[in-house]
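Spelled out from the first residue to the last, the chains are:
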Amino acid sequence: MDGLIAAISTAWGESGIAIVRISGDGSRNLVDIFFRGGVALAQTPPRFMRHGFITDQDGQEIDEVLAVWFRGPNSYTGEESAEIHCHGGTVAARRCLERCLALGARLAMPGEYTRRAFLSGRLDLAQAESVIGIIRARSDESLRSAVKSLRGSLSERVGEIHEEMLEISVLGEANLDYPEEDIPPLDPGAFSGRLALIGEKLRLLLSAARSGRFLREGIRVAITGRPNVGKSSLMNAFLEESRSIVTSMPGTTRDIIEEVMTHKGIPLRLVDTAGIRSPRDEAEHEGVLRARAAMKEADIRIWVIDGSEDLTGEDIGIAEELRGTCHVVAINKSDLSLVVTESRMKEILPLGDVIIISAATRAGIEELKDLIVLSVAGRTSLEEDLNTTERQVEEMKRALELIMQTLDALGRGTGLDAALDSLNEARACIGRILGVSADEFLLDRIFSSFCIGK
Ligand code: GDP
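Residues numbered from 1 in each chain as written. Predicted model: local features only at pLDDT ≥ 70, side-chain atom pairs only at ≥ 80, totals over all residues. Heavy atoms only, no water.

**Re the overall build of the protein chain**
Line of reasoning, step 1. Along its length, the protein chain carries 15 helices and 13 strands.
Line of reasoning, step 2. By sequence separation, contacts in the protein chain at least 24 residues apart represent 69% of the contacts at least 6 residues apart.
Line of reasoning, step 3. With the model as given, the accessible surface of the protein chain reaches about 21,800 Å², and the carbon-plus-sulfur share is 52%. (Helix = DSSP H or I, 4+ residues; strand = E, 2+ residues; numbered from the N terminus. Contact = heavy atoms within 4.5 Å. Areas by Shrake-Rupley, 256 points an atom, 1.4 Å probe, with all protein chains shown as cover.)

**Quick look at empty space enclosed by the protein**
Line of reasoning, step 1. Enumeration according to the criterion identifies 1 cavity of 30 Å³ or more in this entry.
Line of reasoning, step 2. As a volume, the largest cavity reaches approximately 30 Å³.
Line of reasoning, step 3. If you trace the largest cavity, you find it lined by Ile8, Thr10, Ala11, Trp12, Gly13, Ala18, Gly89, Thr90 and Ala93.
Line of reasoning, step 4. Here the residues of the lining of the largest cavity are counted per class, giving 5 nonpolar, 4 polar and no charged. (1 Å grid on protein atoms, 1.4 Å probe; cavity = no way out; pocket = protein on both sides within 12 Å on 5 of 7 lines; lining within 4 Å. Points joined across faces, edges and corners; volume = space filled by probe spheres on them. Nonpolar A, V, L, I, M, F, W, Y, C, P; charged D, E, K, R; others polar.)

**What to know about the packing of helix H13 (residues 390-411) against helix H14 (residues 416-434)**
For any two helices packed against each other, one specifies the crossing angle of their axes together with the interaxial distance.
Line of reasoning, step 1. Interhelical geometry of H13 versus H14 gives an angle of 165° and a closest axis separation of 8 Å. When the interaxial angle is binned, H13 and H14 end up roughly antiparallel. For the pair H13 and H14, the sense of crossing is left-handed. Across from Arg391, Gln392, Glu395, Met396, Arg398, Ala399, Leu402, Ile403, Thr406 and Leu410 in H13, the residues of H14 making contact are Ala419, Ser422, Leu423, Glu425, Ala426, Cys429, Ile430, Arg432 and Ile433. (Axes fitted to C-alpha atoms, helices over the stretch in contact; angles between N-to-C directions. Parallel < 35°, antiparallel > 145°, perpendicular 65-115°, else oblique. Left-handed = near helix turned anticlockwise from the far one by under 90°.)

**Quick look at the sheet that holds strand S4 (residues 50-55)**
Line of reasoning, step 1. Strand order in the open sheet formed by 7 strands is S3-S4-S5-S6-S2-S1-S7, with mixed pairing between adjacent strands. Both outer strands of the open sheet, strand S3 (35-37) and strand S7 (106-107), are each paired with one neighbouring strand and no more.
Line of reasoning, step 2. In terms of strand pairing, strand S1 (residues 5-8) meets S7 through 2 bridges, oriented parallel. By the bridge assignment for S7, alanine 6 is matched with leucine 107.
Line of reasoning, step 3. Against the sheet, helix H1 (residues 27-34) touches strand S2 (17-23), S3, S4, strand S5 (61-70) and strand S6 (81-87), its axis set at about 75° to S3. (Pairing = 2+ DSSP bridges.)

**Quick look at the pairing of S5**
Side-chain positions along a regular strand alternate between the two faces of the sheet.
Line of reasoning, step 1. Most of S5 sits inside the fold, with 7 of its 10 residues counted as buried.
Line of reasoning, step 2. Bridge analysis of S4 against S5 gives 6 bridges, and the strand direction is antiparallel. Looking at the pairing, phenylalanine 53 lines up with glutamate 64 of S5.
Line of reasoning, step 3. Counted along the chain from S4 to the antiparallel partner S5, the turn is 5 residues long, and its residue glycine 59 has a positive phi close to 85°.
Line of reasoning, step 4. As judged from the 5 bridges shared by S5 and S6, these two strands associate in the antiparallel manner. By the bridge assignment for S6, tryptophan 69 is matched with alanine 82. (Buried < 20%, exposed > 50% of the residue type's maximum accessible area, 1.4 Å probe, protein only.)

**Here's the deal with the site of the ligand**
Line of reasoning, step 1. Not every one of the 15 residues close to the ligand is listed here, only the nearest: Asn228, Lys231, Ser232, Ser233 and Asp335.
Line of reasoning, step 2. A distance of 3.0 Å separates an oxygen atom of the ligand from a polar atom in the backbone of glycine 230.
Line of reasoning, step 3. Here the ligand loses 68% of its free accessible area of 580 Å² to cover by the protein chains.
Line of reasoning, step 4. If you tally residues by element for the shell around the ligand, the top one is helix H8 (residues 231-241), at 3 residues.
Line of reasoning, step 5. A per-class count over the shell around the ligand returns 5 nonpolar, 6 polar and 4 charged. (Near = heavy atom within 4 Å. Polar contact = N/O pair within 3.5 Å; in protein donor to acceptor, adjacent residues only side chain to side chain.)

**Looking at the pairing of strand S11 (residues 300-306)**
Line of reasoning, step 1. With respect to burial, S11 is a largely interior element, 7 of its 7 residues being buried.
Line of reasoning, step 2. On S11, burial covers both faces: Ile300, Ile302, Val304 and Asp306 on one face and Arg301, Trp303 and Ile305 on the other are all buried.
Line of reasoning, step 3. In this sheet, S11 lies alongside strand S8 (residues 219-224) in parallel orientation, the contact comprising 4 bridges. For isoleucine 223, the partnering residue across the bridge sits in S11 and is isoleucine 302.
Line of reasoning, step 4. Note: S11 against strand S12 (residues 327-332), 6 bridges, orientation parallel. Among the inter-strand pairings, isoleucine 305 is bridged to a residue of S12, identified as isoleucine 331.
Line of reasoning, step 5. In this region the chain leaves S11, passes through helix H10 (residues 313-322) and returns to the parallel neighbour S12; the handedness of that crossover is right-handed. (Right-handed = clockwise from strand over helix to strand, strands pointing away.)

**Points about the pattern of salt bridges**
Where charged atoms from two side chains of opposite charge approach closely, those side chains can pair.
Line of reasoning, step 1. Evaluated as defined, the whole model comprises 21 salt bridges.
Line of reasoning, step 2. Measuring nitrogen to oxygen at the nearest pair gives 3.4 Å for the salt bridge that ties glutamate 160 to lysine 201. Of this pair, glutamate 160 sits in helix H6 (residues 153-177) while lysine 201 is found in helix H7 (residues 188-217), placing the two residues 41 residues apart along the sequence.
Line of reasoning, step 3. Taking relative accessible area as the criterion, glutamate 160 reaches 44% and is therefore assigned partly exposed.
Line of reasoning, step 4. The salt bridge partner of lysine 397 is glutamate 394, with a shortest N-O separation of 3.7 Å. In this pair, lysine 397 and glutamate 394 both sit in helix H13, 3 residues apart, roughly one turn of the helix.
Line of reasoning, step 5. Classification of glutamate 394 as partly exposed rests on a relative accessible area of 40%.
Line of reasoning, step 6. Overlapping salt bridges, with partners in common, bring together Glu79, Arg106, Glu112 and Arg116 in one network. (Salt bridge = Lys/Arg side-chain N within 4 Å of Asp/Glu carboxyl O.)

**Some details on H13**
Every α-helix carries 3.6 residues per turn, so stepping three or four residues along brings you back to the same face.
Line of reasoning, step 1. Taking 1.5 Å per residue as the helical rise, H13 with its 22 residues ought to reach 32 Å, and the 32 Å between its terminal C-alpha atoms agrees with that figure.
Line of reasoning, step 2. Just downstream of H13 lies glycine 413, where phi reads positive at about 85°. (Expected span 1.5 Å × (residues − 1).)

**Points about the packing of aromatic side chains**
Line of reasoning, step 1. This structure, assessed with the given rule, holds 0 aromatic pairs.
Line of reasoning, step 2. Here arginine 21 stacks its cationic end above the ring of tyrosine 113, 4.6 Å away from the centre of that ring.
Line of reasoning, step 3. Here the basic side chain of arginine 28 rests over the ring of tryptophan 69, its NZ or CZ set 4.4 Å away from the ring centre. (Phe/Tyr/Trp six-rings, centres within 6.5 Å; stacked < 30°, edge-to-face > 60°. Lys NZ or Arg CZ within 6 Å of the ring centre and 35° of its normal.)

**Details of the nonpolar core**
Line of reasoning, step 1. In this structure, Met165, Leu195, Leu202 and Ile403 are the most contacted members of the largest nonpolar core, which totals 31 residues.
Line of reasoning, step 2. Those elements that provide at least two residues to this core are H6, H7, H13 and H14.
Line of reasoning, step 3. Ignoring anything within four residues of it in the chain, the contact list for leucine 195 reads Ile168, Ile403, Thr406, Leu407, Leu410 and Leu423. (Core = buried A, V, L, I, M, F, W, Y, C linked by side-chain atoms within 4.5 Å.)

Shown next, in the form of structure tokens:
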């Protein structure tokens, strides 16, 4: 691997300690150039902390530190590496890093340590990607799920499918290429059966990936309805009842209010998409576009209606927009006498659940939260979650699609040739999750989403 790299691996800002990490052959000797301890690292066994001082080019002390080195392959990157634990704050660590760079190390690129861990074979690609899940975890559950992936549970399941695909391919290829040899002829029924089993495993994997995504990123909930039905009141009822810390997610659409709460460990990202109606001016036009986008992107939509009044034309318009989407109808204001019934709403939108609530008295609010989680993540057991990235999910989906196509082609009597081609293509998708066939371009994309120092 190309040379020595160094970076500050802890977050910027004031803190107790900051760690500068150096990796590559010669890390230990590089530290010894400017580390003044009772004993040099060269005379220190690996993984043994030494106390001392780091010095600048004139021999002046920069900071009091602890230094340690790791012998490859027993380090994070799998290569020789070293760490200097400086005092926190930005100056000491930055000067320590500058010393490393002046002495021949190069500043690490984002994710380069983890990339080296992958290239040295210490982690497979799925495990390496889970590191970012750990760094970004927002709740205990999402942390648990990312650690599980790092320990290899995703790799294990994906690896099993990959192995199975390989076996079937080999069987098929042997039949095609060496028909005269003494290979048992391929029973098309058994062949399809094994393929179908792989399809089933991929489906389960995808659903576990789905619940992993919900744990990590939360369920996007859009609250919609005409003005004055109680959308803001519902939002408040949700947030006040939630005992967890309420934060605003960064990077969300500016004009749309988004709040986050957790329910049973799952973050619910609530978006108030007020004002989906004919825009009166240019500014409102922009707002409507954003509200519509939020509606589309949501995992579930809550349609709030005022149960104390008859439905209006505007309500019926919203119902049309919701048809075919994942939604829940919330008949609000149950503390007043209701004129809208559950059965009436069922007639209008037969596919979604209907629930009666009162944002004012908070009746039915807990049930509504349960219903949201159940409707979106219900079919997947949340114990069965996997920490996956968007990229991994895309590969799984594509592989499943290809398997289904293969099965379909076999069913229509297409030749084994074509079936094997698409099976191989599906196997390549799965291989890319593990990094079996990872190319440089793919690695660049994956690791560039990490922070520097990881
Ligand atoms: P939005 O325009 O849809 O956001 O509606 P708001 O949340 O601003 O509520 C409109 C009006 O309905 C306010 O006067 C609320 O106090 C009232 N309201 C909201 N929810 C309830 C409810 O459950 N019961 C009663 N009685 N009034 C409610």
